[in-house]
Amino acid sequence: TRLILEYNQYCFMLLQTQDDLNQFIFKKELGDSSRMIKRRYFLMMKTKDSERIGIVVATTAMEGYGNIVNRMKKIISMSGKVVHTLYVGKIN
């Protein structure tokens, strides 16, 4: 889990440790973190303004994928958007 915080010109990242899931590491980020936050915000607003949303599913053999896709479809259609699902598999 990763949480990025921005304050003035500084960016901070809160990372969950791999060893203990209850411990977090707090470190200062330099460089592209601000651009990454702005890019994420842009993509969120673009999705929010869209009329249609596509879901691309690359693996269908794993257990639980159907439940996840169905839940995503339900959430997206509840927001008033049209859902398109594309299942991509191995070409024989």
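Residues numbered from 1 in each chain as written. Predicted model: local features only at pLDDT ≥ 70, side-chain atom pairs only at ≥ 80, totals over all residues. Heavy atoms only, no water.

Draft legend 1. Fine view of the overall build of the chain. A count of helices and strands for the chain gives two helices and five strands. Counted from the first residue to the last, the chain has its helices and strands arranged as β-β-β-α-β-α-β. Counting only residues that meet the buried cut, the chain has 12% of its 92 residues in that class. In the chain, the share of contacts with a sequence separation of at least 24, taken over all contacts with a separation of at least 6, comes to 36%. (Helix = DSSP H or I, 4+ residues; strand = E, 2+ residues; numbered from the N terminus. Buried < 20%, exposed > 50% of the residue type's maximum accessible area, 1.4 Å probe, protein only. Contact = heavy atoms within 4.5 Å.)

Draft legend 2. Seen up close, a nonpolar patch on the surface. A cluster of nonpolar side chains, V56, L86 and V88, forms an exposed patch at the surface whose accessible area comes to about 270 Å². Counting through the fold element by element, V88 comes out in the segment after strand 5 (82–87). (Patch = residues over 30% accessible without salt bridge, like charges linked within 9 Å, V, L, I, M, F, W, Y side chains within 5 Å. Areas by Shrake-Rupley, 256 points an atom, 1.4 Å probe, with all protein chains shown as cover. Salt bridge = Lys/Arg side-chain N within 4 Å of Asp/Glu carboxyl O.)

Draft legend 3. The environment of T47, seen in detail. Considering the arrangement of structural elements, one finds T47 in helix 1 (residues 33–49). Accessibility expressed as a relative area gives 38% for T47, which makes it partly exposed.

Draft legend 4. Highlighting the nonpolar core. Core analysis: the largest hydrophobic core is formed by five residues, namely I53, I55, V57, V69 and I76. At the level of elements, strand 4 (52–57) and helix 2 (65–78) are the ones that each hand at least two residues to this core. With three residues, the single largest contributor to this core is strand 4. Every residue in contact with I55, bar those within four places of it in the chain, is listed here: M72, K73, I76, V83, H84, T85 and L86. (Core = buried A, V, L, I, M, F, W, Y, C linked by side-chain atoms within 4.5 Å.)

Draft legend 5. Geometry of the environment of S50. Note that S50 resides in the loop between helix 1 and strand 4. With 32 residues separating them along the chain, S50 and V82 place their C-alpha atoms 9.4 Å apart. From its side chain, S50 meets the backbone oxygen of T47 in a polar contact 2.7 Å long. (Polar contact = N/O pair within 3.5 Å; in protein donor to acceptor, adjacent residues only side chain to side chain.)

Draft legend 6. Examining the confidence of the model for the chain more closely. Model confidence for the chain is summarised by a mean pLDDT of 77, while 59% of its residues fall at 70 or above. For the chain, the element scoring lowest by mean pLDDT is strand 3 (residues 24–29), at 63; strand 5 scores highest, at 92. (pLDDT = per-residue confidence, 0-100.)

Draft legend 7. Up close: the side chain of K81. Relative to the helices and strands, K81 resides in the loop between helix 2 and strand 5. Buried charged residue K81 carries no salt bridge. Nearest counter-charge: D49, at 6.8 Å. Reaching out from K81, the side chain makes a polar contact with the backbone oxygen of K48 at a distance of 2.9 Å. Apart from residues no more than four positions distant in its own chain, K81 is found in contact with T47, K48, S50, E51, I53 and I76. (Lys, Arg positive; Asp, Glu negative; His and termini not counted.)

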